[in-house]
Amino acid sequence: MLIQPILHKPAFMYPWEKRTLFIGRLPEPVTAAYGAATLVISLGDPIDLKVGGRIIHSGSFLIPAGVRVSINAGLQPVAIFHLDVLGDDYKRFQGCFQHQGRGITVSHDLRDETDFHAQLNQLYRQPGASAVTYTQLDSLLEYSFSRAGSLSRIDPLVQEAVDHIKQNYQDNIPVEELAQRLGLIAQGASFWPLQVAREL
């Protein structure tokens with residue numbers, strides 16, 4: 001999807017179900033606290049990212065969900081990759097950065113930055129079809145994760161619950177109904193397996 005040109009260069013947005021990619025130039029520094037973990041990669045020279053009172057100068061950053069940052073890319077085009085909302089991508093990126101953040105701090109200097117840089121620059125120069133682009137970037141992520149030995153960690157019950165909510169988004173599904181569907185007991189904000197609940 002082509003969006004409004006910025007600084008006479010096009011910018012592109014790829015809104016997929018699991019992830020979202022913006023690729024283009026930022027007309028000015030952007031301050032935000034993203035709802036999902038976010039990977040930011042400069043397609044040119046290193047850029048500045050401010051978190052707390054600290055400025056980090058790097059070509060790539062991994063920002064935890066909810067952490068307020070300011071991105072100053074100057075004239076460099078950037079890729080801003082909003083990762084999956086369940087946090088699986090974020091967890092799997094642990095070990096993929098030379099400078100790994102802890103807790104709510106930002107990681108920077110992606111070990112496979114050169115590979116991401118090359119593929120994202122190619123995409124910026126020659127935008128591809130949405131489905132093909134997603135497959136290519138997903139393969140690149142999986143390659144990076146595998147080099148770090150990171151396996152997917154989403155609990156199958158959580159995935160099943162999310163899938164059910166997505167398929168029935170128009171319904172206001174009671175927590176108790178969702179728990180029953182998953183073979184759980186809802187107790188306040190907690191869920192217990194039926195067998196455990198019977199033993200309590």
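Rules and cut-offs
Residues numbered from 1 in each chain as written. Predicted model: local features only at pLDDT ≥ 70, side-chain atom pairs only at ≥ 80, totals over all residues. Heavy atoms only, no water. Helix = DSSP H or I, 4+ residues; strand = E, 2+ residues; numbered from the N terminus. Expected span 1.5 Å × (residues − 1). Buried < 20%, exposed > 50% of the residue type's maximum accessible area, 1.4 Å probe, protein only. Arc of directions from axis to C-beta. Contact = heavy atoms within 4.5 Å. Axes fitted to C-alpha atoms, helices over the stretch in contact; angles between N-to-C directions. Parallel < 35°, antiparallel > 145°, perpendicular 65-115°, else oblique. Nonpolar A, V, L, I, M, F, W, Y, C, P; charged D, E, K, R; others polar. Salt bridge = Lys/Arg side-chain N within 4 Å of Asp/Glu carboxyl O. Polar contact = N/O pair within 3.5 Å; in protein donor to acceptor, adjacent residues only side chain to side chain. Core = buried A, V, L, I, M, F, W, Y, C linked by side-chain atoms within 4.5 Å. Pairing = 2+ DSSP bridges.

Asker: Even after reading the chapter, I still don't get helix H3 (residues 130-147), so can you show me in this structure?
Answerer: Taking 1.5 Å of rise per residue, 18 residues should cover 26 Å, and H3 covers 26 Å from first to last C-alpha, within 8% of that figure. Every buried residue belonging to H3 is among Thr133, Tyr134, Leu137, Leu140, Leu141, Ser144 and Phe145, and all of these are buried. On an axial view of H3, the arc spanned by its buried residues comes to 135°, and they lie on one face. In this structure, H3 carries Ala131, Ser146 and Arg147 as exposed residues pointing more than 90 degrees from its buried face. Considering only its buried residues, H3 is in contact with strand S2 (9-15), strand S3 (20-24), strand S10 (78-82), helix H1 (88-92), strand S12 (107-110) and helix H2 (113-125).

Asker: Explain the packing of H2 against H3 here, please?
Answerer: When two helices pack together, their arrangement is captured by the angle between the axes and the distance separating the axes. The contact between H2 and H3 brings their axes to 11 Å, and the two run at 175°. Overall, the two elements H2 and H3 adopt an arrangement that is roughly antiparallel. Contacts between H2 and H3 pair Asp115, Phe116, Gln119, Leu120 and Leu123 from the former with Thr133, Gln136, Leu137, Leu140, Leu141, Tyr143 and Ser144 from the latter. Looking at the contact of H2 with H3, its residues break down into 7 nonpolar, 4 polar and 1 charged.

Asker: Where do I start with the pattern of salt bridges in this structure?
Answerer: Opposite charge on two side chains allows them to pair when their charged atoms are near. By the definition in use, this model includes 4 salt bridges. Across the pair Asp138 and Arg19 runs a salt bridge whose closest N-O atoms are separated by 2.8 Å. Taken together, the positions of Asp138 in helix H3 and Arg19 in the loop between S2 and S3 put the pair 119 residues apart, joining distant regions of the chain. Here Asp138 falls in the partly exposed class, since its relative accessible area comes to 22%. For Arg19, a relative accessible area of 2% puts it in the buried group. The salt bridge involving Glu142 is made with Arg92; its shortest N-O contact spans 2.9 Å. One end of the pair, Glu142, is in helix H3; the other, Arg92, is in helix H1, with 50 residues separating them in the sequence.

Asker: Before we go on, may I ask you to explain the side chain of Thr38 in this structure?
Answerer: By the secondary structure assignment, Thr38 is in strand S5 (residues 38-42). In this structure Thr38 comes out as buried when scored by relative accessible area, which is 0%. For Thr38, the side chain forms a polar contact with the side chain of His82, separated by 3.0 Å. In this structure, Thr38 is in contact with Phe61, Leu62, Ile63, Ile80, Phe81 and His82, ignoring residues within four places of it in sequence.

Asker: For this particular structure, what's the right way to read the nonpolar core?
Answerer: Counting residues in hydrophobic clusters, the biggest one holds 27 residues, and the most contacted among them are Leu21, Ile23, Leu39, Phe81, Phe93, Phe116 and Leu120. Counting residues per element, the ones that place at least two in this core are S2, S3, S5, S10, H2 and H3. Residue contributions to this core peak at 5 residues, all from H3. In this structure, Phe61, Val67, Val78 and Val106 belong to the second largest nonpolar core, which totals 19 residues.

Asker: Please explain the sheet that holds strand S9 (residues 68-72) as it appears in this structure.
Answerer: Sheet strands line up and pair through hydrogen bonds in the backbone, either parallel or antiparallel. Strand order in the open sheet formed by 4 strands is S4-S9-S6-S7, and the pairing between neighbours is antiparallel. The sheet is open, and its two edges are formed by strand S4 (30-33) and strand S7 (54-58), each paired on a single side. This sheet shows a mean twist of 25° between the axes of neighbouring strands, independent of strand direction.

Asker: Any chance you could explain the pairing of S12 here in plain terms?
Answerer: Every other side chain in a regular strand lies on the same face of the sheet, so the side chains alternate between the two faces. In this sheet, S12 lies alongside strand S8 (residues 60-63) in antiparallel orientation, the contact comprising 2 bridges. Residue pairing in the sheet places Phe61 in a bridge with His108 of S12. Note that strand S11 (residues 97-99) and S12 share 2 bridges and pair antiparallel. Across the sheet, residue Phe97 finds its bridge partner in S12, namely Leu110.

The values reported here are purely geometric and, on their own, carry no functional implication.
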